[in-house]
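One letter stands for each residue in the lines below.
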Amino acid sequence: MKTQPIKLPETARILVIKMAGIGDLLLATPALRALRETYPRARIDLLVTPASAGILNDWEVLDHIIVLDKYLFDYPQQILTNPRNLLRLAPLWHELRDAHYDAVLLLHHLTLPFGRLKHQILLRATGAKWRVGLDNGHGWFLNLRVQDNGFGAMHEAEYNLALAEAVGATTNDKRLTVPLREEDHRQAWQLLYEHEGPENIKRPIIAMHPGSGTYSTARRWAPERFAQLADTLYSDVGGQLLLMGGPEEAELHRQITGMMQSTMPVCSLAGKGSIKVTAALLEQVDLFIGNDSALVHLAVAGRTPTVAIFGLTNASAWEPFTGGTPGQQAAVVRLNLPCMPCFYRGHDLGTPGGCATRDCLALLGVDPVATAARRLLRQATRSKREVSLEGGSS
């Protein structure tokens, strides 16, 4: 077992495992870039879930994306009640063995016992010489270990970069990345402008995501607060509102629109466009405000000023990650209660549903969010003015 960084062959075959949602996968993109920059001749494959499989398609950093529906094997009883699902693993087993990987990087914490067992089996299935991962005391099956000091001791993106560094890979470019095609931009343009030209669109365009995905809906700030926030910002800066989210959040959008008191123009984009079209659209807006969710990281990847609202989740682990990009603006708005965070705390999963009262979000008022939003809008306007002046003087 080693804890010091190693150097892989120039033509190494590397597998990266990140079986998580879109937001967590985006936080792995700086580490993936580090691998490609350090090993330009290597083969770099990525193992992901169906939910996030398409977000990194067409990215020159990756050679091949492998998909495993891990949700069929999340709990031991799933295997007992549907043992035939194990047959689905046979082609994956052969694919991993036949790739002859030199190193496999596991970008996961070893939090739950059944998860540790699955990861052990998966890493050993590759036959790779180097099995690289975070060690919280349960990483005995790893032979190249990076110390895991718990959720929030480092940002998740930094943990991923530390695992890349364990095999000698570094980068100065720590931006989150979503590879987009011209077609993605075209569809986003149509959704945003439709029959209007850009010159007729009311600015600023403020995008909000009042949802949070299905894994933990307890992360949601109250819909009436989003309505009040929209009214407040419209009174301050004007503009228009885009409500973002999946088709399952359409009713949530209707609730918010119905509670708004101002005449702010509102458009619900619930379920409209692919996730990549959403990423392209977020590049066009002036400000994004949302709960802890994948869309926060999509907005950051699009270089959009971002306000993230955090409650029970560990903000030190999942806050917007700008990677030190010059001029990129992001802010976290949260309370500072003794019980926070209760979801992903230390080395434990914690409580995805939070407590009964969820004071961390229930007591968070509109004013601090509106203050952060106004500040980022002012900074963005100032930056655009400076760029314009520089362009005019050249």
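Residues numbered from 1 in each chain as written. Predicted model: local features only at pLDDT ≥ 70, side-chain atom pairs only at ≥ 80, totals over all residues. Heavy atoms only, no water.

Undergrad: Describe the overall build of the chain, and please don't skip the residues or the numbers.
TA: A tally of regular secondary structure across the chain gives 14 helices and 14 strands. Computed over its C-alpha atoms, the radius of gyration of the chain comes to 22 Å, within 12% of the 21 Å expected for a compact globule of 394 residues. Its C-alpha atoms give the chain principal-axis dimensions of roughly 60 × 60 × 40 Å. Counting every position in the chain, which comprises 394 residues, the buried fraction comes to 52%. Of the contacts formed within the chain by residues at least 6 apart in sequence, a portion of 71% connects residues at least 24 apart. Considering the chain, the positive charge centre built from 40 side chains and the negative charge centre built from 39 side chains are found 4 Å apart. (Helix = DSSP H or I, 4+ residues; strand = E, 2+ residues; numbered from the N terminus. Rg over C-alpha atoms; globule rule 2.2 N^0.38 Å. Buried < 20%, exposed > 50% of the residue type's maximum accessible area, 1.4 Å probe, protein only. Contact = heavy atoms within 4.5 Å. Lys, Arg positive; Asp, Glu negative; His and termini not counted. Charge placed at Lys NZ, Arg CZ, Asp CG, Glu CD.)

Undergrad: Could you give me a rundown of a nonpolar patch on the surface, with the residues and numbers involved?
TA: Taken together, Trp93, Leu117 and Ile121 make up a surface patch of nonpolar side chains, about 290 Å² in accessible area. Relative to the assigned elements, Trp93 resides in helix H4 (residues 89-98). (Patch = residues over 30% accessible without salt bridge, like charges linked within 9 Å, V, L, I, M, F, W, Y side chains within 5 Å. Areas by Shrake-Rupley, 256 points an atom, 1.4 Å probe, with all protein chains shown as cover. Salt bridge = Lys/Arg side-chain N within 4 Å of Asp/Glu carboxyl O.)

Undergrad: Outline the sheet that holds strand E9 (residues 266-268), supporting the account with residue identities and numerical values.
TA: Spatial ordering of the open sheet is given by E9-E8-E7-E10-E11-E12, a layout of six strands whose pairing is parallel. Either end of the sheet is taken by a strand with one partner, and the two such strands are E9 and strand E12 (330-333). Each strand of the sheet is rotated relative to its neighbour by a mean of 15°, with strand direction disregarded. As defined by bridge partners, strand E7 (residues 205-209) adjoins strand E10 (residues 287-291) across four bridges and the pair is classed as parallel. Its bridge partner lying in E10, Ile206 is registered against Leu287. (Pairing = 2+ DSSP bridges. Axes fitted to C-alpha atoms, helices over the stretch in contact; angles between N-to-C directions.)

Undergrad: Describe in detail the nonpolar core, supporting the description with residues and values.
TA: Grouped together as the largest cluster of nonpolar side chains are 108 residues, with contacts concentrated most on Ile14, Met208 and Ile289. Sequence-distant contacts of Ile289, defined by excluding residues within four places in its chain, comprise Ile206, Ala207, Met208, His209, Phe226, Leu229, Leu233, Val307, Ile309, Val369 and Ala373. Of all hydrophobic cores here, the second largest spans 18 residues; its members include Val104, Leu106, Leu122 and Leu142. (Core = buried A, V, L, I, M, F, W, Y, C linked by side-chain atoms within 4.5 Å.)

Undergrad: Account for the sheet that holds strand E1 (residues 13-17), with residues named and values stated.
TA: Strand order in the open sheet formed by six strands is E3-E2-E1-E4-E5-E6, and the pairing between neighbours is parallel. Two strands bound the open sheet, and with one partner strand each, they are strand E3 (64-67) and strand E6 (144-147). Put simply, the sheet's adjacent strands are angled 20° from each other on average, direction ignored. Pairing of E1 with strand E4 (residues 103-106) involves four bridges; the strand directions are parallel. Looking across to E4, one finds that Val16 is bridged to Leu105.

Undergrad: How would you explain the packing of aromatic side chains if you had to name every residue and give the values?
TA: What characterises a pair of aromatic rings is the spacing of the ring centres plus the angle enclosed by the ring planes. Under the definition given, this model contains seven aromatic pairs. Note on Phe343 and Tyr344: the rings are 4.4 Å apart at their centroids and 25° apart in plane angle, and the pair reads as stacked. The exposure class of Phe343 is buried, given its relative accessible area of 1%. According to the relative accessible area criterion, Tyr344 is buried, its value standing at 17%. Site record: aromatic cluster; members linked through ring pairs are Phe151, Trp318, Phe343 and Tyr344. (Phe/Tyr/Trp six-rings, centres within 6.5 Å; stacked < 30°, edge-to-face > 60°.)

Undergrad: Go over the environment of Asp98 with me, naming the residues and quoting the values.
TA: Position of Asp98 among the secondary structure elements: in helix H4. A relative accessible area of 56% places Asp98 in the exposed class. As for Asp98 and Thr126, which are separated by 28 residues in sequence, their C-alpha atoms are 8.4 Å apart.

Undergrad: Quick one: what's the story with the environment of Cys360, residue by residue and with numbers?
TA: In this fold, Cys360 is placed in helix H13 (residues 359-362). Through-space distance from the C-alpha of Cys360 to that of Pro341 is 8.7 Å; in sequence the pair is 19 residues apart. Ignoring sequence-local partners within four residues, the contact set of Cys360 consists of Gly311, Leu312, Leu335, Leu337 and Met340.

Undergrad: Kindly report on the environment of His64, identifying the contributing residues and their values.
TA: Within the secondary structure, His64 is located in strand E3. His64 sits in the partly exposed class, given a relative accessible area of 29%. It is 32 Å that separates the C-alpha atoms of His64 and Val285, two residues lying 221 residues apart in sequence. Those residues within four positions of His64 in sequence are excluded, and the remaining contacts are Arg43, Ile44, Asp45, Leu46 and Glu95.

The quantities given are spatial measurements derived from coordinates; they are silent on function.
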